[in-house]
Amino acid sequence: MSLTDLGAALLRRLDPEQAHQLAIKGLALAPLPTPPADDPILRTQLAGLDLPNPVGLAAGLDKNGEALRGLSRLGFGFVECGSVTPRPQPGNPKPRLFRLSEDRAIINRMGFNNAGLVAFAERLDQRPKGIVVGANLGANKDTEDKAADYVAGLQRLAGRAAYFTVNISSPNTPGLRALQGREQLDDLLGRIDAARPATGPDRVPVFLKIAPDLIADEIGMIVEASLAHRIDGLIVSNTTLERPESLRSPNAHETGGLSGAPIRPFAEKALRAAAEAAARRLPLIAVGGIDSGEEAYARIRLGASAVQIYSALIYEGPGLVARIKRDLAARLRADGFSTMAEAIGTGR
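Quick caveat, the model's predicted, so the values are computed rather than measured.

**Describing the packing of helix α5 (residues 146-156) against helix α6 (residues 182-195)**
Link 1 in the chain: The geometry of α5 relative to α6 is characterised by a closest axis approach of 9 Å and an angle of 25° between their N-to-C directions. Relative to α6, α5 is oriented roughly parallel. The crossing of α5 and α6 is right-handed. In contact with Ala147, Ala148, Tyr150, Val151, Leu154 and Gln155 of α5, α6 contributes Asp187, Leu188, Arg191, Ile192 and Ala195.

The structure is reproduced here in structure tokens:
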């Protein structure tokens, strides 16, 4: 077991939110070694982004961009920070983060707790070189015109992030998921597109993050709206409000979004629907229950151009990133592929 994985095991003995805060401090300060160069077969093109590998960090771990120094040394192909809202907000009352250890899962009802755009922008200005950093944008809880908050985030962080994610799928901010309806979605995405440069190097990719609880017709509508408003890709998907009967943890009754291993069938179903609707017109990033190279490869063959992980790191440790990459490269070669792009969608 590596020192980073040992540290993760020790953190699991602490209160979940306290462990989270200590992990962020450790990643910000620890002198981690530079990771080895990635296997060339893993190089990935994603909506114009040139990634050394397709394994990214999902939003939620580093909400304020505080730990980019350490995260840049864990071997991710890209790192997504946030969600960040225009104004700082404390989030929901504690306790709000729960481990379901028996199920290798997490329930959270954090509520977009973050330090706001000003602090986030300052940290992005100090980000390490050579790391692709995305900004996950959210809306303040008490904002009536939530679309305006996303536009504010896009404009304030312009030139600082390699891409943006419009997060309208968190279950922990009242009214947020209503933005996935067509009328509100058209308004939001139209305003996002209007706020972006028409062309040129400052027009970086914008992704839309959706919920796994949508039905296929709803996902199809979101795909068409995204294409109509020049959104560059979908992240499929966020946490779920569902509670599978298989859950064994005493924390399974807690309210909030469920992530980790039990979300896998919901995330896979949403990815299948998105891949069917997109028909290769829109890149997809798969999230939810990915904890191995085998699962990452399965999502790529379902149609994802890249994957993101988060909850699995809590149970497997940071060494999971390198293990996924090694296994993924081996599986690509075993099936006769010479590039990542060749494997995308071959399992549909």
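**Focus: the packing of aromatic side chains**
Both the distance between ring centres and the angle between the ring planes are used here to describe each pair of aromatic rings.
Link 1 in the chain: Taken as a whole, this structure holds 2 aromatic pairs when the rule is applied.
Link 2 in the chain: Between Phe78 and Tyr163 the ring centres are 6.2 Å apart and the planes differ by 65°, which places this aromatic pair in the edge-to-face class. Linking Phe78 in strand β4 (residues 78-84) with Tyr163 in strand β8 (residues 163-167), this pair joins segments that are 85 residues apart in sequence.
Link 3 in the chain: Take Phe78: its relative accessible area is 1%, and that puts it in the buried class.
Link 4 in the chain: Aromatic side chains Tyr163 and Phe207 sit 5.1 Å apart centroid to centroid with 45° between the ring planes, which places their arrangement in the tilted category. With Tyr163 in strand β8 and Phe207 in strand β9 (residues 206-210), this pair connects stretches of sequence that are 44 residues apart.
Link 5 in the chain: Look at Phe207 and you get buried, because its relative accessible area is 1%.
Link 6 in the chain: The rings of Phe78, Tyr163 and Phe207 are connected pair by pair, giving a single aromatic cluster.

**Remarks on the nonpolar core**
Link 1 in the chain: Membership of the largest hydrophobic core comes to 98 residues, with the highest contact counts inside it found for Tyr150, Leu157 and Leu208.
Link 2 in the chain: Top contributing element to this core by residue count: helix α8 (residues 264-278), with 7 residues.
Link 3 in the chain: The contacts of Tyr150, once residues within four sequence positions are left out, are Leu137, Gly138, Ala139, Val166, Asn167, Ile168, Leu176, Leu179, Leu188 and Ile192.
Link 4 in the chain: Phe98, Leu100, Ala105 and Leu247 belong to the second-largest nonpolar core, a separate cluster that totals 7 residues.

**Some details on the pairing of strand β13 (residues 306-309)**
Link 1 in the chain: Alternating residues of β13 divide into Ala306 and Gln308 and Val307 and Ile309, and every residue in both groups is buried.
Link 2 in the chain: Both strand β3 (residues 55-57) and β13 contribute to a ladder of 3 bridges, which runs parallel. Of the residues in β13, the one forming a bridge with Leu57 is Ile309.
Link 3 in the chain: Two elements, strand β12 (residues 284-287) and β13, share 3 bridges in a ladder whose sense is parallel. Across the sheet, the residue bridging to Ile285 is Ala306, located in β13.
Link 4 in the chain: In this fold, β12 hands off to helix α9 (residues 293-302), which returns the chain to β13; that crossover is right-handed.

**Topic: the environment of Val151**
Link 1 in the chain: Its place among the elements puts Val151 in helix α5.
Link 2 in the chain: Overall, Val151 belongs to the buried group, its relative accessible area being 13%.
Link 3 in the chain: Residues Val151 and Val166 lie 15 residues apart in sequence; the distance between their C-alpha atoms is 9.6 Å.
Link 4 in the chain: If sequence neighbours within four positions are ignored, Val151 has contacts with Arg191, Ile192 and Ala195.

**Digging into the UniProt feature "active site" (unreviewed entry) in the protein chain**
Link 1 in the chain: Per the UniProt record, "active site" (unreviewed entry) is annotated on Ser170.
Link 2 in the chain: In this structure, Ser170 sits in the loop between β8 and α6.
Link 3 in the chain: Judged by relative accessible area, Ser170 falls into the buried class, the value being 7%.
Link 4 in the chain: For Ser170, the contacting residues outside a window of four places in its chain are Phe112, Leu176, Arg177 and Asn238.

About the criteria used
Residues numbered from 1 in each chain as written. Predicted model: local features only at pLDDT ≥ 70, side-chain atom pairs only at ≥ 80, totals over all residues. Heavy atoms only, no water. Axes fitted to C-alpha atoms, helices over the stretch in contact; angles between N-to-C directions. Helix = DSSP H or I, 4+ residues; strand = E, 2+ residues; numbered from the N terminus. Parallel < 35°, antiparallel > 145°, perpendicular 65-115°, else oblique. Left-handed = near helix turned anticlockwise from the far one by under 90°. Contact = heavy atoms within 4.5 Å. Phe/Tyr/Trp six-rings, centres within 6.5 Å; stacked < 30°, edge-to-face > 60°. Buried < 20%, exposed > 50% of the residue type's maximum accessible area, 1.4 Å probe, protein only. Core = buried A, V, L, I, M, F, W, Y, C linked by side-chain atoms within 4.5 Å. Pairing = 2+ DSSP bridges. Right-handed = clockwise from strand over helix to strand, strands pointing away. UniProt positions renumbered as here; feature names shortened; annotations may be inferred.

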